[in-house]
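The residues making up each chain are set out below.
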Amino acid sequence: MVLKRVIPCLDVDAGRVVKGTNFVGLRDAGDPVELAERYDAEGADELIFLDITASHEKRETIVELARRTADNVFIPFTIGGGIRSVADAQAVLDAGADKVSVNSAALARPELLSELADHFGTQCVVIAIDAKRIATTGGSSPTCAAPPGWFGESDWGVYVNGGRKLIEGRDAVGWAKEAVERGAGEVLLTSMDRDGTNHGYDIPLTRAVADAVSVPVIASGGAGELAHLSEAITAGGADAVLCASIFHYGAFRVREAKERLAADGIPVRL
């Protein structure tokens, strides 16, 4: 039986954990290592740190954060943001991270995924996809205009640089499939439409990607109630749920989330 995972996400900006809505309006949520220690003690399965401005500002990866975390936390953690080469990934992994997450750099040069997988193994490579609906197929999902020459096989476009830039000719489902073929061992899928809204995960998006790839999918963006976590797994097909604000600001604790999943018949590590 494959256990489903609860993964707190720590978006880091200038050394602090922050959280916003739809990638804007950031609020301070605390020190990343202190929060990581708390989530470790509460029973989190893994952690993901995303340096949300690294690619946009061309800053170096948060190697020192990885080192501090490894000294104080004893569950697996992933570092993302500014990973543009095997050397960047090596520095983060040497500092104690278990996986690296790539986004903008992989879209700019997809060969990076193969290079990382060949060097470290697919289990160390996470493809992060920031997706936003670009067309309406019925219902009330937010929309945005597709650029001239747009093409794709799904209704969700792919964004980079903290949601600042839409990649023409890429869609979330197609890019997830290609990324896995190139060596990504896991997909971190964030709905920009739902991020920080507390309205629940984008189930159609999560299901579309989960059905299209053969690796685990981490649902991200929108958790506001514990029922949303169960829904992402049962209806969305996710293998793990990423949570931020519901933990950072004290609405729920990790232990409560896992107890709710277990009560809903979902296998988790308690």
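Structure first, text after, so check above.
Please read these numbers as outputs of a predicted model, since none were measured by experiment. (Residues numbered from 1 in each chain as written. Predicted model: local features only at pLDDT ≥ 70, side-chain atom pairs only at ≥ 80, totals over all residues. Heavy atoms only, no water.)

**Considering the overall build of the chain**
And step 1. Per the secondary structure count, the chain includes eleven helices and twelve strands.
And step 2. Here the chain holds 270 residues, and the buried ones make up 59% of them.
And step 3. Residue pairs at least 24 apart in sequence account for 65% of intrachain contacts in the chain once pairs closer than 6 positions are excluded.
And step 4. As displayed, the chain has an accessible area near 10800 Å², and 49% of this comes from carbon and sulfur atoms. (Helix = DSSP H or I, 4+ residues; strand = E, 2+ residues; numbered from the N terminus. Buried < 20%, exposed > 50% of the residue type's maximum accessible area, 1.4 Å probe, protein only. Contact = heavy atoms within 4.5 Å. Areas by Shrake-Rupley, 256 points an atom, 1.4 Å probe, with all protein chains shown as cover.)

**Considerations on helix 11 (residues 254-263)**
And step 1. Along helix 11, the residues that are buried comprise Val254, Ala257, Lys258 and Leu261. For helix 11, the angular spread of the buried residues around the axis is 95 degrees, confining them to a single face.
And step 2. Residues of helix 11 that are buried sit in contact with strand 1 (5-13), helix 1 (32-42), helix 9 (226-234) and helix 10 (245-248).
And step 3. Among the residues trailing helix 11, Gly265 stands out with phi positive, at a value near 85 degrees. (Arc of directions from axis to C-beta.)

**Structural notes on the packing of helix 6 (residues 111-120) against helix 7 (residues 172-182)**
How two helices sit against one another is set out by the angle between their axes and by the gap between those axes.
And step 1. At a minimum axis separation of 8 Å, helix 6 and helix 7 run at an interaxial angle of 35 degrees. For the element pair helix 6 and helix 7, the recorded crossing hand is right-handed. In contact with Glu111, Leu113, Ser114 and Ala117 of helix 6, helix 7 contributes Trp175, Ala179 and Arg182.
And step 2. Residues belonging to the contact of helix 6 with helix 7 are distributed by class as follows: four nonpolar, one polar and two charged. (Axes fitted to C-alpha atoms, helices over the stretch in contact; angles between N-to-C directions. Left-handed = near helix turned anticlockwise from the far one by under 90°. Nonpolar A, V, L, I, M, F, W, Y, C, P; charged D, E, K, R; others polar.)

**Remarks on the packing of aromatic side chains**
And step 1. Across all of its chains, the model carries two aromatic pairs by this definition.
And step 2. Look at Tyr39 and Phe247: their rings are 6.0 Å apart centre to centre, the planes differ by 50 degrees, and that puts the pair in the tilted class. With Tyr39 in helix 1 and Phe247 in helix 10, this pair connects stretches of sequence that are 208 residues apart. Pair check on accessibility: Tyr39 and Phe247 agree, each one buried.
And step 3. Each ring, one from Phe49 and one from Phe77, has its centre 5.9 Å from the other, and the planes form 85 degrees; the classification is edge-to-face. Of the two residues, Phe49 sits in strand 4 (residues 47-51) while Phe77 sits in strand 5 (residues 77-80), which places them 28 residues apart along the sequence.
And step 4. For Phe49, a relative accessible area of 0% puts it in the buried group. (Phe/Tyr/Trp six-rings, centres within 6.5 Å; stacked < 30°, edge-to-face > 60°.)

**Observations concerning the nonpolar core**
And step 1. Ranked by internal contacts, the top residues of the largest apolar core, which has 77 residues, are Ile127 and Ile129.
And step 2. Element by element, the count of residues in this core is highest for helix 7, at six residues.
And step 3. Residues contacting Ile129, with those up to four places away along its chain left out, are Val158, Ala172, Trp175, Ala176, Val187, Leu188, Leu189 and Thr190. (Core = buried A, V, L, I, M, F, W, Y, C linked by side-chain atoms within 4.5 Å.)

**Side note on the pairing of strand 5**
Regular strands show a simple pattern: their side chains alternate between the two faces of the sheet.
And step 1. Burial of the side chains of strand 5 extends over both faces: Phe77 and Ile79 are buried on one face and Thr78 and Gly80 on the other.
And step 2. As judged from the three bridges shared by strand 5 and strand 6 (residues 99-102), these two strands associate in the parallel manner. Bridging across to strand 6, Ile79 finds its partner in Val100.
And step 3. Between the parallel pair strand 5 and strand 6, the chain is carried across by helix 4 (residues 86-94), and the sense of this crossover is right-handed. (Pairing = 2+ DSSP bridges. Right-handed = clockwise from strand over helix to strand, strands pointing away.)

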